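# Examining the three-dimensional arrangement
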Amino acid sequence: MAGYKIVYSGGSGEIVEKKSRFIANVFPVESEEDASRIIGETKKKYWDARHNCYAYIIGENPGISKCSDDGEPSGTAGKPILEVVSGAGVCNVLVIVTRYFGGTLLGTGGLVRAYSGAAKAGLAGSRIITKEAGKRVILETGYDGIGKIQYIVSQMGLAVIDTRYSDKTEMELAVSLNDTGQFLKKVTEATSGQVKINADDDIYFAVIDQKPVIF
């Protein structure tokens, strides 16, 4: 897989349906152990709530997934949360929706809508990024070639990690697997081969606040 979405920073969201409060909390997780620990902590935090329903997806393509209705009618809570997460294409994520009962029964359709809506609100309140598979590319060239390389980088919208200047110039980039071949071909042609290329390092990266972050 060339890239997939993850939670960079978890968030929360809340909806109210017929006086019942549905509070969604979103967490990045790397394992089922992480998820179990956070679920336990959340149940202690919201000890007075009627339900703490959840869903998580760990890994990708398709990864491990699990959901729980935590006492709600079967299929009305955990599964809708899971479907929202899956539909958003997010991996390594846990969504817990806590319900404080407002005294009015919502029926199965109402519960599905409420838990789905809360999960969407929680994801909307979180920071979701795309983690891409790529290469760390280091280009070494003379001052005559760096301007041509910078032009190509700008045209392709690539992420520059660093540019170093000494008696030569060295540019370090994070380039997605989809762009690597085309980029290196353009650089070689533009500099008439007067460039030293190192593209051996496989990485995962994301562009956050216009800066590349390597995982």
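Please read these numbers as outputs of a predicted model, since none were measured by experiment. (Residues numbered from 1 in each chain as written. Predicted model: local features only at pLDDT ≥ 70, side-chain atom pairs only at ≥ 80, totals over all residues. Heavy atoms only, no water.)

Let's shift gears to the state of the cysteines. This structure, assessed with the given rule, holds zero disulfides. Of all cysteine sulfurs, the one in Cys53 lies closest to Cys67, which takes part in no disulfide; the gap is 9.7 Å. You can call Cys67 partly exposed: its relative accessible area is 34%. (Disulfide = S-S within 2.5 Å. Buried < 20%, exposed > 50% of the residue type's maximum accessible area, 1.4 Å probe, protein only.)

If you walk through the whole model with that rule in mind, you get twelve salt bridges. The salt bridge involving Arg164 is made with Glu172; its shortest N-O contact spans 3.1 Å. With a relative accessible area of 11%, Glu172 lands in the buried category. The network of salt bridges with common partners includes Arg136, Asp162, Arg164, Glu170, Glu172 and Asp201. (Salt bridge = Lys/Arg side-chain N within 4 Å of Asp/Glu carboxyl O.)

In this section: the packing of aromatic side chains. In the structure shown here, the tally under the stated rule is five aromatic pairs. Seen from their ring centres, Tyr46 and Tyr100 are 6.4 Å apart, and the 70 degrees between their planes marks the pair as edge-to-face. Here the residue Tyr46 occupies a position in the loop between helix H1 (32–45) and strand S4 (51–58), and Tyr100 occupies one in strand S7 (residues 93–100), the gap between them amounting to 54 residues. Between Tyr54 and Tyr56 the ring centres are 6.2 Å apart and the planes differ by 0 degrees, which places this aromatic pair in the stacked class. The buried category is assigned to Tyr54, whose relative accessible area is 10%. The buried category is assigned to Tyr56, whose relative accessible area is 2%. Lys131 extends its terminal NZ or CZ atom over the ring of Tyr204, reaching a point 5.5 Å from the ring centre. A cation sits over an aromatic face here: Lys131 above Phe215, 5.0 Å from the ring centre. (Phe/Tyr/Trp six-rings, centres within 6.5 Å; stacked < 30°, edge-to-face > 60°. Helix = DSSP H or I, 4+ residues; strand = E, 2+ residues; numbered from the N terminus. Lys NZ or Arg CZ within 6 Å of the ring centre and 35° of its normal.)

Pairing analysis gives six bridges linking strand S9 (residues 159–165) to strand S10 (residues 169–176), with the strands arranged antiparallel. By the bridge assignment, Asp162 is partnered in S10 with Glu172. Between S9 and S10, which pair antiparallel one after the other, the connecting turn spans three residues. (Pairing = 2+ DSSP bridges.)

A word on the environment of Ile15. Inspection of the secondary structure puts Ile15 in strand S2 (residues 12–17). Judged by its relative accessible area of 23%, Ile15 falls in the partly exposed class. Considered as a pair, Ile15 and Val137 are 122 residues apart in the sequence and their alpha carbons are 46 Å apart.

So, about helix H2 (residues 78–88). Among all positions in H2, only Gly78, Pro80, Ile81, Leu82, Val84 and Val85 are buried. In this structure, the buried side of H2 is in contact with S4, strand S5 (64–68), strand S6 (90–91), S7 and helix H3 (107–124). At the exit of H2 stands Gly89, carrying a positive phi of roughly 70 degrees. (Contact = heavy atoms within 4.5 Å.)

Moving on to helix H4 (residues 143–156). Between its terminal C-alpha atoms H4 stretches 21 Å, which fits the 20 Å expected from 14 residues at 1.5 Å a residue. What H4 keeps buried is the set Gly145, Ile146, Ile149, Ile152, Val153 and Met156. Down the axis of H4, the smallest arc covering the buried residues is 125 degrees, so these residues share one side. Turned more than 90 degrees away from the buried face of H4, the exposed residues are Asp144, Tyr151, Ser154 and Gln155. At its buried positions, H4 is contacted by strand S8 (127–141), S9, S10 and helix H5 (177–190). Backbone geometry just after H4 places Gly157 at a positive phi near 65 degrees. (Expected span 1.5 Å × (residues − 1). Arc of directions from axis to C-beta.)

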